[in-house]
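Tertiary structure, described
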Amino acid sequence: MNGASTTVVLPLGDGYRYEFDDSGQDPEAIRLWATGAIPFDGLNPGQGAARAELRKRLNSLTAGPGEILVANFTGPKAANADIENIVLYNIGGACFTASMQHGVRFEYAGGPVLPSPSEHSFPCAYEYGLNALNEPLRHWKRRKRLAQFRKVDLGPPGSPKALVQVWRAVRRANTMVIEQRMTRSAPFGMFLRVGRPTGDPKRLTPALVKSLVDGTVSALQAHGDQNTVDEMAARLAKQVDMRAEQIAAMLVDTSNVVLGSVWHLVHRFRKEGVQWNPSDQLCVAGEVLLEVADGPDWQLSGEVWELMPSALTPA
């Protein structure tokens, strides 16, 4: 066993085991092997300990000029799990402040997981590092471009950038160019550039990345259940400045749905809320870059690509 790496087996009966690479061979990378992905909440003691240590290490990453955070996950995941949630949102926000100041790229690799430095076998692994923003994807390559849009207005400085606002903005984009439709259930990639107005202190966070990705995916899909669309539109009208009938028409419009339809793209959540259910589990790679807007408001540009696996071996 490599004495420079750390394996932790918690004697608490939860069965969760993890290991970090402390070998020093690649000091710019943070690698974690574990017996399962870390959830957002409901963590057992082992998952909580692993996340706390991961957050501590991520705090040490500071992106320099032209650098972005790269976050990869290898191994099995739940069928409805989103890769950006696994590597970013479920881990936390503040620990990414310095590493995500220019942008982030995330990828999912199904496996196999290479042995840890101690040569133990783990079903999944996380890897974080800083790369030049023009680096190619590691586990996927672009097959065909599905759609592109540019400089969609996300609102003035200080306004929230919730999923429904991103959905509305992209859905109504007059710059949208539809090139092809996605092959049924094919993996795809989302490559976004968000323009921040000069002087706005808002940072790129896992929560903002989630809203941008989920909102854009939702805008490229349609709500299939005609029997529930009016109720969902009425609920959404309480969250965004639009009439319910306008929202209903946008939800079922299939003209720009390059990612297909979802029977319940939006469904009931609690007493009066909604929960979005886009096919973002098929988004296996993505990128969100932060740049300076050329106007007073926040802007969003992006491309959506159908992807295929690359020939590179997962790390």
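An account of the accompanying structure is given in this report. Just so you know, the residues in each chain are numbered from 1, in the order the chain's sequence is written. Given that this is a predicted model, residues contribute local features only at a pLDDT of at least 70 and side-chain atom pairs are listed and counted only at 80 or more, while totals for whole chains, interfaces and linings are drawn from all residues. Hydrogens and waters are ignored; side-chain quantities use all the structure's heavy atoms.

**Quick word on the overall build of the protein chain**
Of the regular secondary structure elements, the protein chain holds six helices and 15 strands. C-alpha atoms define the radius of gyration, and 2.2 Å times the number of residues to the power 0.38 defines the globule rule. Against the globule reference of 20 Å for 315 residues, the protein chain gives a C-alpha radius of gyration of 20 Å, in line with a compact fold. In terms of overall dimensions, the protein chain has a C-alpha envelope of 65 × 40 × 35 Å along the principal axes. Partly exposed residues are those whose accessible area sits between 20% and 50% of the maximum for their type, while under 20% is buried and over 50% is exposed, using a 1.4 Å probe and protein chains only. When burial is assessed residue by residue, the protein chain has 51% of its 315 residues classed as buried. Only runs of H or I of at least four residues qualify as helices and only runs of E of at least two qualify as strands under DSSP, and these elements are numbered from the N terminus.

**A word on the packing of aromatic side chains**
Two rings from Phe, Tyr or Trp (for Trp, the six-membered ring) form a pair when their centres are within 6.5 Å of each other. A pair whose planes differ by under 30 degrees is stacked, one over 60 is edge-to-face, and the rest are tilted. Scanning all chains against the criterion turns up eight aromatic pairs. Residues Tyr16 and Tyr18 carry aromatic rings whose centres are separated by 6.5 Å and whose planes lie at 45° to one another, so their mutual orientation is tilted. Per residue, the accessibility class of Tyr16 equals that of Tyr18, and both read buried. Considering the side-chain rings of Tyr18 and Phe20, the 6.0 Å spacing of their centres and the 85° angle between planes classify their relative orientation as edge-to-face. Under the relative-accessibility criterion, Phe20 is labelled buried at 2%. Members of the aromatic cluster, joined through ring pairs, are Phe73, Phe96, Tyr108, Tyr126 and Tyr128.

**So, the packing of helix H3 (residues 163-171) against helix H4 (residues 206-219)**
Angles run from 0 to 180 degrees between N-to-C directions of axes, and those axes are lines fitted to C-alpha atoms, restricted for helices to the stretch in contact. Running from N to C, H3 and H4 point in directions that differ by 45°, and their axes come no closer than 8 Å. Here H4 runs oblique to H3, going by the angle between their axes. Between H3 and H4 lies a crossing whose hand is right-handed. Contacts between H3 and H4 pair Leu163, Val166, Trp167, Val170 and Arg171 from the former with Ser211, Leu212, Asp214, Gly215, Thr216, Ser218 and Ala219 from the latter. In this classification, the charged set is Asp, Glu, Lys and Arg, the nonpolar set is Ala, Val, Leu, Ile, Met, Phe, Trp, Tyr, Cys and Pro, and all remaining amino acids, among them Gly, are polar. Among the residues forming the contact of H3 with H4, the class breakdown is six nonpolar, four polar and two charged. If an angle is under 35 degrees, it is roughly parallel; if it is over 145, roughly antiparallel; if it lies from 65 to 115, roughly perpendicular; otherwise it is oblique. Take the far helix as the reference: if the near one is turned anticlockwise from it by less than a right angle, the crossing is left-handed, and if turned clockwise, right-handed. Note on contacts: a residue pair is in contact if any heavy atoms of the two residues lie within 4.5 Å.

**Description of the nonpolar core**
Val87, Leu88, Tyr128, Leu251 and Trp276 are the most contacted members of the largest nonpolar core, which totals 88 residues. What Leu251 contacts, discounting residues up to four positions off in sequence, is Trp167, Arg171, Ala222, His223, Val229, Met232, Ala233, Leu236, Leu265, Val266 and Trp276. In this text, buried Ala, Val, Leu, Ile, Met, Phe, Trp, Tyr and Cys residues form a nonpolar core when linked through side-chain atoms within 4.5 Å.

**Topic: the environment of Ser23**
Turning to its location among the elements, Ser23 is positioned in the loop between strand S2 (17-20) and strand S3 (30-34). Assessed through its relative accessible area of 23%, Ser23 is described here as partly exposed. For the pair formed by Ser23 and Ser118, sequence separation is 95 residues and the distance between their alpha carbons is 9.9 Å.

**Let's talk about unusual backbone geometry**
The backbone of Lys151 sits at a positive phi, close to 50°, despite the residue not being glycine. Mapped onto the fold, Lys151 is located in strand S7 (residues 140-155). Of note, the phi angle at Ser185 is positive, near 60°, even though the residue is not glycine. Tracing the backbone shows Ser185 in the loop between strand S8 (177-178) and strand S9 (188-196). Residue class for Ser185 comes out exposed when judged on its relative accessible area of 54%.

**Here's the deal with the pattern of salt bridges**
Any carboxyl oxygen of Asp or Glu within 4 Å of a side-chain nitrogen of Lys or Arg constitutes a salt bridge here. Under the definition given, this model contains 18 salt bridges. For Glu231, the salt bridge goes to Arg268, with nearest N and O atoms at 2.7 Å. Taken together, the positions of Glu231 in helix H5 (residues 229-236) and Arg268 in strand S12 (residues 266-269) put the pair 37 residues apart, joining distant regions of the chain. Note on Glu231: relative accessible area 27%, which makes it partly exposed. One network of salt bridges, with partners in common, ties together Asp21, Arg31, Glu127 and Arg138.

This is a description of form; function is not addressed.
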